[in-house]
Amino acid sequence: MDIAFIPSPSRGVLHLGPVPLRAYAFCIILGVVVAVWLGSKRWVARGGAKHTVGDIAVWAVPFGLVGGRLYHVITDHQLYFGDGRNPWNAFKIWEGGLGIWGAVALGAVGAWIGCRRRGVPLPAYADAIAPGIALAQAMGRWGNYFNQELFGRPTTLPWGLEIAPAHRPAATPDAATYHPTFLYESLWCIGVALLVIWADRRFKLGHGRAFALYVAAYTVGRFWTEWLRVDEAHVYFGLRLNDWTSIVVFIGAVAYFLIVGKKRPGREDPASIDPAAHEEEAVIADKAETASKAETVGKADGSGKAKGSGKAETAGTAEAGEKKAAPSEKVAGAGETAELSRHADDEPGAEKAAATAEKAGKDVENPI
C-alpha cells in the first residue's frame, strides 16, 4: 500500500452544454499567453516595440502547433496507421500528442515569416522569447497529467503518480503508481527558463545564443525523462528516438552557441532590431511636443488675462482718483481767488476785486 502519491485527475474535460472544455487545451493556451507576455517584456527591454512579439506569434504559434502534431504523428505513426487503427485520429490534437521538436522547427518557420514582415532579425527575436517557450512547455506538460499520458516506469516513491487502470500499460496492469515524468519535465523547464534569464543578464547573450542555451539545456532534461517513459516509441541501438533527437539537437545548439559567440559576441544594436520601435518613439515624441505646446499656450493666455485685468484695475483706480480730485481743485481755485482778493485791497480797483471774490465764494458753496 502506498503511503503517499500524486492522485490522478478525476476528469480532463468539462462540458459547457455541448461544448467540451479540455484541460490539455487550456494548458497550451496558458503557456502561449505566458510566453508572449514574457517575450514582449524582454523584447522591449532590448529596444523593440511592445506589440512586435505578439504580432509575430500570430504566425509562429499556428505553425508550431501544426509542426508539433506532424512530428508526433510521424514518429508514432503506429498509433494512427495500420490494422485496427483509425487515421482520422491523427487530427484529434485535443487527445494529446505534440512533439516539441516539430513545434520548434515549424514554429521557427512561422516566426521567420513574421520577422520578415516586420523587418526584425530572427535570432534577436528568438533570444527574447526563449525563456517564455520554456515556461510554455512547463505549463503544457500539465496537459499530459490531465490526460494521464506520457508517464514513466512504475515506482513506489512518495511522489509516484496514480494512474487509472484504463490508462496503465498492458505490461504492468497491477502497478498503481508511476514516475510523474510530466512533473519532472515541467520543473526542469522552469529551471531552464531561470537559467536563460540569468545567463542573458550576466553575459549579454545575443544573435541567437540565448535561444541556443535554452535548446541545449532542455535537451539534457528531456534525455533523462525520455529514458524513464514507458509509452510506445521507436527504439534504435537501445535508445528511444527522442533520445537520439536530443543528442543531435544538443550538439547543434552547443556548436552554434560557441561559434556565434566567437564571431559575434554581445548583443545586437538596440537601434537596429525593430523599425516599429522608432515609429512608436516618434509618436510618443509628437504627443509630448503637442502637450508641451498646449501647456505653454495655456500659461501665456492666463498671464495675458492677468496682466490685462491688472491694467484695467489700475486705470479704473486712476480714473476714480481724478473724479474725486475734481471738487478739491475747484475749492483750491476758489481759495486762490480769495487770496488774490485780499491782496487786491491794496491795489487800485479793490472794490471790483472784492466783489469778484465774493461771487466766487458763493459759487464754491453751491457748485453746479
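The rules behind each value
Residues numbered from 1 in each chain as written. Predicted model: local features only at pLDDT ≥ 70, side-chain atom pairs only at ≥ 80, totals over all residues. Heavy atoms only, no water. Axes fitted to C-alpha atoms, helices over the stretch in contact; angles between N-to-C directions. Helix = DSSP H or I, 4+ residues; strand = E, 2+ residues; numbered from the N terminus. Parallel < 35°, antiparallel > 145°, perpendicular 65-115°, else oblique. Left-handed = near helix turned anticlockwise from the far one by under 90°. Nonpolar A, V, L, I, M, F, W, Y, C, P; charged D, E, K, R; others polar. Core = buried A, V, L, I, M, F, W, Y, C linked by side-chain atoms within 4.5 Å. Buried < 20%, exposed > 50% of the residue type's maximum accessible area, 1.4 Å probe, protein only. Patch = residues over 30% accessible without salt bridge, like charges linked within 9 Å, V, L, I, M, F, W, Y side chains within 5 Å. Areas by Shrake-Rupley, 256 points an atom, 1.4 Å probe, with all protein chains shown as cover. Salt bridge = Lys/Arg side-chain N within 4 Å of Asp/Glu carboxyl O. Phe/Tyr/Trp six-rings, centres within 6.5 Å; stacked < 30°, edge-to-face > 60°. Lys NZ or Arg CZ within 6 Å of the ring centre and 35° of its normal. Expected span 1.5 Å × (residues − 1). Contact = heavy atoms within 4.5 Å.

### Thoughts on the packing of helix 2 (residues 52-75) against helix 3 (residues 100-118)
Reasoning step 1: Close contact between helix 2 and helix 3 brings their axes to 6 Å; oriented N to C, the two are set at 150°. As summarised for this structure, helix 2 and helix 3 are arranged roughly antiparallel, according to the angle between their axes. Considering only the axes of helix 2 and helix 3, their crossing is right-handed.
Reasoning step 2: Broken down by class, the residue content of the contact of helix 2 with helix 3 amounts to 14 nonpolar, 8 polar and 3 charged.

### Quick word on the nonpolar core
Reasoning step 1: With 23 residues, the main nonpolar core has Val-192, Val-196, Tyr-214 and Tyr-218 as its most contacted residues.
Reasoning step 2: Those elements giving two or more residues to this core turn out to be helix 1 (23-45), helix 3, helix 4 (122-147), helix 5 (181-203) and helix 6 (209-228).
Reasoning step 3: Counting residues in hydrophobic clusters, the runner-up holds 13 residues, among them Trp-43, Ala-60, Ala-128 and Ile-129.

### Comments concerning a nonpolar patch on the surface
Reasoning step 1: There is a patch of nonpolar side chains on the surface, built from Trp-188, Val-220, Phe-223, Trp-224, Phe-250 and Ile-251 and spanning about 510 Å² of accessible area.
Reasoning step 2: At the level of secondary structure, the elements contributing two or more residues to the nonpolar patch comprise helix 6 and helix 7 (241-263).
Reasoning step 3: The element contributing the most residues to the nonpolar patch is helix 6, with 3 residues.
Reasoning step 4: Within the element layout of this structure, Val-220 appears in helix 6.

### Focus on the packing of aromatic side chains
Reasoning step 1: Evaluation of the coordinates by the stated rule reveals 13 aromatic pairs.
Reasoning step 2: Measuring from centroid to centroid gives 5.8 Å for Trp-198 and Phe-203, while their planes differ by 90°, and the two rings are edge-to-face.
Reasoning step 3: Positioned over the ring face of Trp-227 is Arg-153, at 4.0 Å from the centre of the ring.

### Details of helix 5
Reasoning step 1: The end-to-end C-alpha distance of helix 5, which contains 23 residues, comes to 32 Å, matching closely the 33 Å that a straight helix rising 1.5 Å per residue would cover.
Reasoning step 2: Of the positions making up helix 5, those classed as buried are Thr-181, Phe-182, Leu-183, Tyr-184, Glu-185, Ser-186, Cys-189, Val-192, Ala-193, Val-196, Ala-199 and Asp-200.
Reasoning step 3: Where helix 5 is buried, its residues contact helix 1, helix 4, strand 3 (161-162) and helix 6.

### Let's talk about the pattern of salt bridges
Reasoning step 1: A full pass over the atoms with the stated rule returns 10 salt bridges.
Reasoning step 2: Between Arg-229 and Glu-226 there is a salt bridge, with its nearest N and O atoms 3.3 Å apart. Judged on exposure class, the residue Arg-229 and its partner Glu-226 are both buried.
Reasoning step 3: For Asp-231, the salt bridge is made with Arg-240, and the minimal N-O distance between the two is 3.3 Å.
Reasoning step 4: Note on Asp-231: relative accessible area 22%, which makes it partly exposed.
Reasoning step 5: Overall, the relative accessible area of 10% leaves Arg-240 in the buried class.

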